[in-house]
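# Structural description and commentary
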Amino acid sequence: MSDQDGLVLTAEDLGIRFGSHRALEGVSLSVVPGERVALLGHNGAGKSTFFKTILGFLDPDQGRVRIAGHRPGSDAARRMVSYLPETVSFHRALTGLEVMRYFARLRGEPVGVAMPLLERVGIGHAARRQVGTYSKGMRQRLGLAQAMIGTPRLMLLDEPTSGLDPVARRDFYRIVDEVAARGTAVLLSSHGLEEVEDRTDRVAILSQGRLVADGTLGALAAEAALKVSIRVTAEADAADRLHERIGGARLNGSAVVLNCPVGQKFALMRQLAAEDLVRDLDVVMPGLDDIYRHFSDLATKEAKP
Amino acid sequence: MSVATRIAAVCGQEIRIARRNRWVALAFGLLTLFALALTFLGAGQSAVVKADILTIAAASLATLSVYLIPLIALILSYDSLSGEMERGTLPLALATPIRRWELFLGKFLAQTAVVTAAIVAGYAIAGAVAAGLRGADAAGLVAWARLIGTSAGLGAVFVALGMAVSACCSRTGTAAAIAIGLWLVFVVLYDLALLGAVIADNGGVFTKVVFPWLVLANPADAFRIYNLVSLESAPVAGIDGLAHTLPVPPATALAVVGAWLAAALLAGIALTRRLKP
């Protein structure tokens, strides 16, 4: 794999161990320029470990990672990759501008880039205030501005919006979209699919160190082939009789739940509508979290003998 | 050159933080206050001992510096890396092209500069006040300059030691505890143990052969002995009696301080390389 393939990031059969614990196992993933990829997984699924390997902080026990053909941690790779860790709190006594100038110098970029970037993320007005006075959303914007120094080829954002309110989160993703539109590939991790819906081109799901899914949201939904759940409420005292007739699972004294493939949903509803014992119907389509859970649980089941 | 730019960037940022945190002001205020107090205590003595006020004050300040300067240096340096680890800014810095030794060196230079500035300013003020009131001779001025120079060296050794501690702790709490432990061992317990051994030995082989070398091996003791050896008229007691019976040239004591500095820096850089951010 090299620069000519146009891939910004390639991981091939990557494995990382901490003692006997396998933090990552057989992870293969590639990212093209300008692509926004969400890396999902529970705590401890290996997201941060994956990031640290891309940054060259951890050496793979197996497989390899390349950043546009360069070894992680090499000078070329460090210049191409920028990073926003999960929990970062810049020194309270420094101003936003001082933080930005510092990282610009470390990256070998002119300090003049600091102010325009702060303005781009919307905290130009607070550039000369100490970080200790910033709100959580402002601190995270500062972190993002820092990661934008030097127009990186690949931006790693480790759970960048955890703890942000919905407005701050939306603003954050708007900036990420701008960055990606200029050709920077963005790999960001998150706990849930709902947060990154519409915000990413592709979704990769890590579970217990393995990559269990990699594709567009639509493709993953189709692959999961999740079922529609129909909750049928029976007429008074008719739940038992209804259950005998239509099957499914008893939910409580008055309701039955039926599951069916998405394609058969309407036929089933037509049949239920004709039942005189049915008082009401609720249809629950599989949500993003169901898709996420489907793939996460898949790995858990496989892992157990 | 990019290496120099990066070291300068780290150094500048650290000095900025030290100034904002009022460490610079605190270290300077503390050293000035103690230096003035001891100088005027010495002024009372100098009439009796018939020595220049600066010479007398240099002797008492050398003894005080052994306690104060390592403490200030360790307080400044113990969280330099562990603090960044805890705040999460260390991985950020290490993701840039900076080398780990550059980061370590930049921080070391900044903190040493802070300690040195406090020592030079504080002791110079006290010296100027004393000389202005009582006058000073050439020997006194030399003693004072020697005190300031070696104090800065002692500060550098303990900044490097504190940073080495900081590089092997991922929590500032642990680093603080170890730093205080280091201070106790080097400055208090080591001397107590030696004194105890000398008393138990009662003038035997240990006292005559081993003891002087053990005293010199401690950078804090080496600093004090070097300053006292050079002040022939200064009153000395306890372990410092060795100042008059030192088996080697006084410069050896300076070499010991230099060796500690080199060792602490190398250890610190090696530990920083091993950090897993």
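We now turn to the structure provided with this report. (Residues numbered from 1 in each chain as written. Chains lettered and ligands numbered in written order. Predicted model: local features only at pLDDT ≥ 70, side-chain atom pairs only at ≥ 80, totals over all residues.)

## A look at the overall build of chain B
Operational definition: We count a stretch as a helix when DSSP gives it H or I for four or more residues in a row; a strand needs E for two or more, and each element gets its number in order from the N terminus. With the radius of gyration taken over C-alpha atoms, the globule rule is written as 2.2 Å times the number of residues to the power 0.38. Partly exposed residues are those falling between the two cut-offs: more than 12 but fewer than 20 other C-beta atoms within 10 Å of their own, whereas 20 or more means buried and 12 or fewer means exposed, with C-beta atoms placed from the backbone. Throughout, a pair of residues is in contact if the C-beta atoms placed from their backbones lie within 7 Å.
Scanning chain B for helices and strands turns up 11 helices and 0 strands. Relative to a compact globule of 277 residues, whose C-alpha radius of gyration would be 19 Å, chain B shows 20 Å and is just as compact. C-alpha extents for chain B along the principal axes are approximately 60 × 50 × 35 Å. Looking at chain B as a whole, 48% of its 277 residues are labelled buried. Excluding contacts between residues fewer than 6 apart, the proportion of contacts in chain B whose partners are at least 24 apart in sequence is 83%.

## Topic: unusual backbone geometry
Even without a glycine there, the phi angle at A:Thr151 is positive, about 40°. One non-glycine residue, B:Arg22, lies in positive phi territory at about 65°. Inspection of the secondary structure assignment puts B:Arg22 in the loop between helix H1 (2–20) and helix H2 (23–49). We classify B:Arg22 as exposed; it has 12 C-beta atoms within 10 Å.

## Describing the sheet that holds strand E2 (residues 21–31) of chain A
Residues and elements named next belong to chain A. Counted only if it meets this: Pairing between strands is defined by DSSP: at least two bridges between them are needed. In this analysis, axes come from line fits to C-alpha atoms, helices being fitted only over the stretch in contact, and the angle between any two N-to-C directions falls in the range 0 to 180 degrees.
Here 3 strands make up an open sheet; going across it, the order is E2-E1-E4 and the pairing antiparallel. Both outer strands of the open sheet, E2 and strand E4 (62–67), are each paired with one neighbouring strand and no more. Across the sheet, the axes of successive neighbouring strands diverge by a mean angle of 25°, strand direction being ignored. Two elements, strand E1 (residues 9–18) and E2, share 7 bridges in a ladder whose sense is antiparallel. The residue of E2 that forms the bridge with Ala11 is Leu29.

## Considerations on helix H3 (residues 96–106) of chain A
H3(A) sits mainly inside the fold: 10 of its 11 residues count as buried. What H3(A) keeps buried is the set A:Gly96, A:Glu98, A:Val99, A:Met100, A:Arg101, A:Tyr102, A:Phe103, A:Ala104, A:Arg105 and A:Leu106. The inward-facing, buried residues of H3(A) contact helix H4 (114–120) and helix H5 (136–147) of chain A together with H1 and helix H5 (89–94) of chain B. Positive phi appears at A:Gly108, one or two residues downstream of H3(A), with a value of about 75°.

## A short note on the interface of chain B and chain A
Each partner contributes residues to the interface: chain B has 22 residues there, and chain A has 24 residues. Looking at the side of chain B that touches chain A, the elements that each hand over two or more residues are H1 and H5 of chain B. Examining the composition of the side of chain B that touches chain A, we find that 8 residues originate from one element, H1(B), more than from any other.

## Considerations on helix H9 (residues 205–217) of chain B
This is how it is decided: One less than the number of residues in a helix, times 1.5 Å, gives the span that helix is expected to have. Bend, at a single residue, is the angle you get between axes fitted to the 7 residues ending at that residue and the 7 residues starting at it.
With 13 residues, H9(B) should cover 18 Å at 1.5 Å per step; its first-to-last C-alpha distance of 18 Å lies within 8% of that length. By the largest-angle criterion, B:Phe211 marks the main kink of H9(B), which is about 45°, and a proline, B:Pro212, follows within four residues.

## Observations concerning the pairing of strand E8 (residues 202–207) of chain A
All names here are of chain A. Of all 6 residues in E8, 5 are buried, a share of seventy percent or more. Where strand E3 (residues 36–40) and E8 come together, 4 bridges link them in parallel fashion. Bridging from a neighbouring strand, Val37 pairs with Arg202 of E8. The pairing of E8 with strand E9 (residues 210–215) spans 5 bridges and is classified as antiparallel. Among the inter-strand pairings, Ala204 is bridged to a residue of E9, identified as Asp214. Between E8 and E9, which pair antiparallel in sequence order, lie 2 residues; one of them, Gln208, sits at a positive phi of approximately 50°.

## A word on the packing of helix H3 (residues 53–77) of chain B against helix H10 (residues 219–229) of chain B
Residue and element names in this part refer to chain B. Using the following cut-off: We call two directions roughly parallel when the angle between them is under 35 degrees, roughly antiparallel when it is over 145, roughly perpendicular when it lies between 65 and 115, and oblique otherwise. Handedness of each helix crossing follows the sense of rotation of the near helix against the far helix: counterclockwise by less than a right angle gives left-handed, clockwise gives right-handed. Residues were grouped as follows: Ala, Val, Leu, Ile, Met, Phe, Trp, Tyr, Cys and Pro as nonpolar; Asp, Glu, Lys and Arg as charged; and all remaining residues, including Gly, as polar.
At a closest axis distance of 9 Å, the pairing of H3 and H10 adopts a crossing angle of 165°. Classified by the angle their axes make, H3 and H10 are roughly antiparallel. Along this stretch, H3 crosses H10, giving a crossing that reads as right-handed. Across from Ala58, Ala59, Ala62, Thr63, Val66 and Pro70 in H3, the residues of H10 making contact are Ala220, Phe223, Arg224, Asn227 and Leu228. Broken down by class, the residue content of the contact of H3 with H10 amounts to 8 nonpolar, 2 polar and 1 charged.

## Quick look at the sheet that holds strand E6 (residues 154–157) of chain A
All names here are of chain A. Across the sheet, which stays open at both edges, the 6 strands sit in the order E5-E6-E7-E3-E8-E9 with mixed pairing between neighbours. The open sheet has two free edges, formed respectively by strand E5 (81–84) and E9, since each of these has just one partner strand. The mean angle between the axes of side-by-side strands here comes to 15°, regardless of whether they run parallel or antiparallel. The sheet contact formed by E6 and strand E7 (residues 185–190) spans 4 bridges and is parallel. Looking at the pairing, Met155 lines up with Val186 of E7.

## Quick look at the packing of H1(B) against helix H6 (residues 100–134) of chain B
Residues and elements named next belong to chain B. Look at H1 against H6: their axes get within 8 Å of each other, and the N-to-C directions meet at 40°. Here H1 lies oblique to H6, going by the angle between them. Handedness of the crossing formed by H1 with H6: right-handed. Within the contact between the two elements, H1 uses Val3, Arg6, Ile7, Val10, Cys11, Glu14, Ile15 and Ala18 and H6 uses Glu102, Leu103, Leu105, Gly106, Lys107, Leu109, Ala110, Gln111, Ala113 and Val114. Its residues assigned to classes, the contact of H1 with H6 comprises 12 nonpolar, 2 polar and 4 charged.

Read these as layout, nothing more, since geometry by itself doesn't imply function.
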